[in-house]
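Working through the structure, step by step
Read off the chains here:
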Amino acid sequence: MNAIEHIPTVCPCCGCGCGIELVLKNGKIAGVEPLKSHPVCKGKNCLKGKNAYLYANSEERLTTPLIKKNGKHEACSWDEALDLIARRLSEADRDAVGFINSGKCTNEDLYLIQKFARIICKTNNLDNASRFCHSTSVPALLSTVGAGVMPTSTLSIEKADCVLIMGANIQETYPMIANRVLMARTKGAKIITADLRRTPTVKNLTDLHLQIHPGADAALINGMMKIILEQGLADTDFIEKRTSGFDELKSYLDTVDLPEIEKITGIDVERIKEAAVAYANAHNACIMFNAGIAQHAGGVETIQTLADMALLTGNYGKPGTGVNPLRGHSNGEGFGDMGTVPVFYPGFQKVNEETAGRFEFIWGAADLPDKPGLTYMEMVEKCPFLYIMGANPAMSAPDLNELRKAFEKKELVIVQDIFMTETAEMADVVLAGTSGAEKDGTQTGVDRRVQRLRKAMEPVGNSLPDWEILCRLAEKMGAGEHFPFKTSEEIFEEIRKCVPQYRGITYERLEQAGGVQWPCPDEGHPGTETMFVEKFGTPDGLAHFQVAPYKAPLEMPDDSYPYILTTGRVNFHFHTGSMTRRTERLQNEISEAFAEISLEDSENIGIAGGDEIILKSRRGEVRTRARVTADIKAGQVFLPWHFPECLANMLTGPSAGPPSRMPEFKFSAINIEKVEADGK
């Protein structure tokens, strides 16, 4: 008998939050269909969405815990693995343990790992992949508007009259959001894209392309704001009633020299003026940005300029406006919401004595940590014990040679994942988790949209849901009374008590397609599509202009390393590729890395398309094949980072200081060498 079932759930491949239906045949995923009633995707899915969760069928799935003995991983029982971990963590000093987690996990998983870290290990050493994506966004937007989240809904993007896309190739990486931009364009909106490459977004969606020099985005926006003021296009009423700090910003912009801005950005002043006027004249102007500007040491300042320009023109508090960070992970917003960061408890409640005391009362726990913990790379450098859930720093972290040296010195590395990732290979203990198709839970999309994930199939082999592993380990460590959960819904009910923004959201309400957008303070509240309608998230309710001059990258090209490397994603793959490289249809589209180089550079070096080349930076080198294109300027190289045989992050670094600690992923000085016929 061939039993067919359709299970509604949410795509795991980016932050859009598209609805999908998993088609099950005899309890196994046989296909994926778009959820026709879903408001985000409107019955459509992108290529990754159409193949979502097929990796759950992979023969490479981890099916049981593993312990490394004599350099090799050997299968063991859950009791053996958890007993070992419990004993070693119990012996660890306070703050000797670091917890790294992933946006592929559910809110329930993330909530429990931070609770485990704080109650049992007494540490705020918690961080996640957002450190490498939006650690610049949060401090920038907190300082200006009081919240580092998307203030509008992806559904309202089509209401914009002008869309400015900064450092985001949305047609490849956020196709359903790109559809909303296309809808706006068909209604007459002007689409402006600032990107160093002529991406599919530029070619297919864009009216005005600002082909900017890498890392020069803050200079561009400061130039646009100067023009807006000179043209008399600022919204003076909005500025007077809803902001502070305008005089300081104006004084700075008076000193900005437009010819110098042209030199820094590589963009003709007349094109900058065209962009500034189009943005300022729009009734609803929307800014979207992603890693192309966030993954810079100067990313905080750049994002502050974006908020400044939106405030300068009154583009906050209305549908289809605001400054909108695009989260890369399916639960990229849930990272911060659940408090899996070193400076916030759940609900963005700042780490301090008062907050720790509040959670001691809620959890019935004692001696919770009240000082900020270590960030991602600080944990990699300083913590002798690491617990890594769903993350793959052996591909995603910068300067991978140094990371590998650090891992060799660890006393204990625990990796909890569904595949033997590059990081799991280095682990002492590997715990077999389940995919999102094998557990219930929730995730929070890019626009604060909380949605249900639904269990479609049984766990593979002897694997367990992440939250259940944590509950079992807590029991082993004598803290089972704090982790009594039997279902994901029970965990979510506790989340509602701890996270004010989620208080009105229930599993019952999430049965509706499309979920609920937080903040949702009570069960009678419909959720919040547009934030900052009446006041901003700052203590005084006003937005605060920030003076943010252009900051040059941390390292610049020289005679030894004359080219600029930038990294990114491609259409068929997702982050480190642990899921998409194990999805046959996607892997068949692009199965190996490549480096885009310009026509001019290919001629000067003597490289043809398909030639093997070596890319070298001050930190390492990789081999790949050249893809010669007119879509990138001379002196620049683009390298996707999904492929383990060509680890892009062997080349990247260094990192900024506080508050972001952001690695310089998008600007590394490199050299290019052609591999000769003899392989040298």
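Everything below is about the structure printed above this text.
Values in this document were obtained by computation on a predicted structure and should not be read as measured data.

This paragraph deals with the pattern of salt bridges. Evaluation of the coordinates by the stated rule reveals 42 salt bridges. Note that Glu91 is salt-bridged to Arg88, the shortest N-O span being 3.8 Å. In this pair, Glu91 and Arg88 are both assigned in helix H2 (residues 78–91), 3 residues apart and thus about one turn of the helix distant. Arg496 is the salt-bridge partner of Glu523, the closest N and O atoms lying 3.0 Å from each other. Within this pair, whereas Glu523 is found in the loop between strand S21 (516–517) and strand S22 (543–544), its partner Arg496 is found in helix H21 (residues 488–498), the two being separated by 27 residues in sequence. Since its relative accessible area comes to 51%, Glu523 is described here as exposed. Members of the salt-bridge network, linked through shared partners, are Asp440, Arg452, Arg454 and Glu511.

Time to look at the sheet that holds strand S18 (residues 429–432). Pairing in this open sheet of 7 strands is mixed, and the strands run S5-S4-S18-S17-S16-S6-S7 from one edge to the other. The sheet is open, and its two borders are formed by strand S5 (72–75) and strand S7 (126–128), each paired with just one other strand. Going across the sheet, the axis of each strand differs from the next one's by a mean of 20°, ignoring polarity. Across 4 bridges, the pairing between strand S4 (residues 66–69) and S5 is antiparallel. Paired with Leu66 across the strands is Ala75, a residue of S5.

Strand pairing within a sheet occurs via backbone hydrogen bonds; the two strands may be parallel or antiparallel. Pairing in this open sheet of 3 strands is antiparallel, and the strands run S1-S2-S3 from one edge to the other. In the strand order of this sheet, the two ends are held by strand S1 (4–10) and strand S3 (28–34), each with one partner. Each strand of the sheet is rotated relative to its neighbour by a mean of 30°, with strand direction disregarded.

With the rule as written, the count across this model stands at 19 aromatic pairs. Taken together, the ring pairs in this structure connect Phe99, Phe116, Tyr387 and Phe483 into an aromatic cluster. Above the plane of the ring of Phe638 lies Arg197, whose end atom (NZ or CZ) is 3.6 Å from the centre. When the ring centre of Phe594 is taken as reference, the NZ or CZ atom of Arg627 above it lies at 3.6 Å.

What counts, and where the lines are drawn
Throughout, a residue's number is its position along its own chain's written sequence, starting from 1. The predicted origin of the model limits local features to residues at a pLDDT of at least 70 and limits the giving and counting of side-chain atom pairs to 80 or more, whereas totals for whole chains, interfaces and linings rest on all residues. Think of the side-chain values as coming from all heavy atoms in the structure, minus any hydrogens and water. Any Lys or Arg side-chain nitrogen located within 4 Å of an Asp or Glu carboxyl oxygen qualifies as a salt bridge. Secondary structure elements are defined from DSSP: runs of H or I of at least 4 residues count as helices, runs of E of at least 2 residues count as strands, and each element is numbered from the N terminus. The classification of residues rests on relative accessible area computed with a 1.4 Å probe and restricted to protein chains. Under 20% of the type maximum is buried, over 50% is exposed, and intermediate values are partly exposed. At least two DSSP bridges between two strands are needed for those strands to be called paired. Structural elements are reduced to axes, namely lines fitted to C-alpha atoms, with helices fitted over the stretch in contact, and the angle between N-to-C directions of any two is expressed from 0 to 180 degrees. For Phe, Tyr and Trp, rings pair up if their centres lie within 6.5 Å, where Trp contributes its six-membered ring, and each pair is then called stacked (planes under 30 degrees apart), edge-to-face (over 60) or tilted (otherwise). A positively charged side chain is recorded as over a ring if its NZ (Lys) or CZ (Arg) lies within 6 Å of the ring centre. The angle to the ring normal must also be within 35 degrees.

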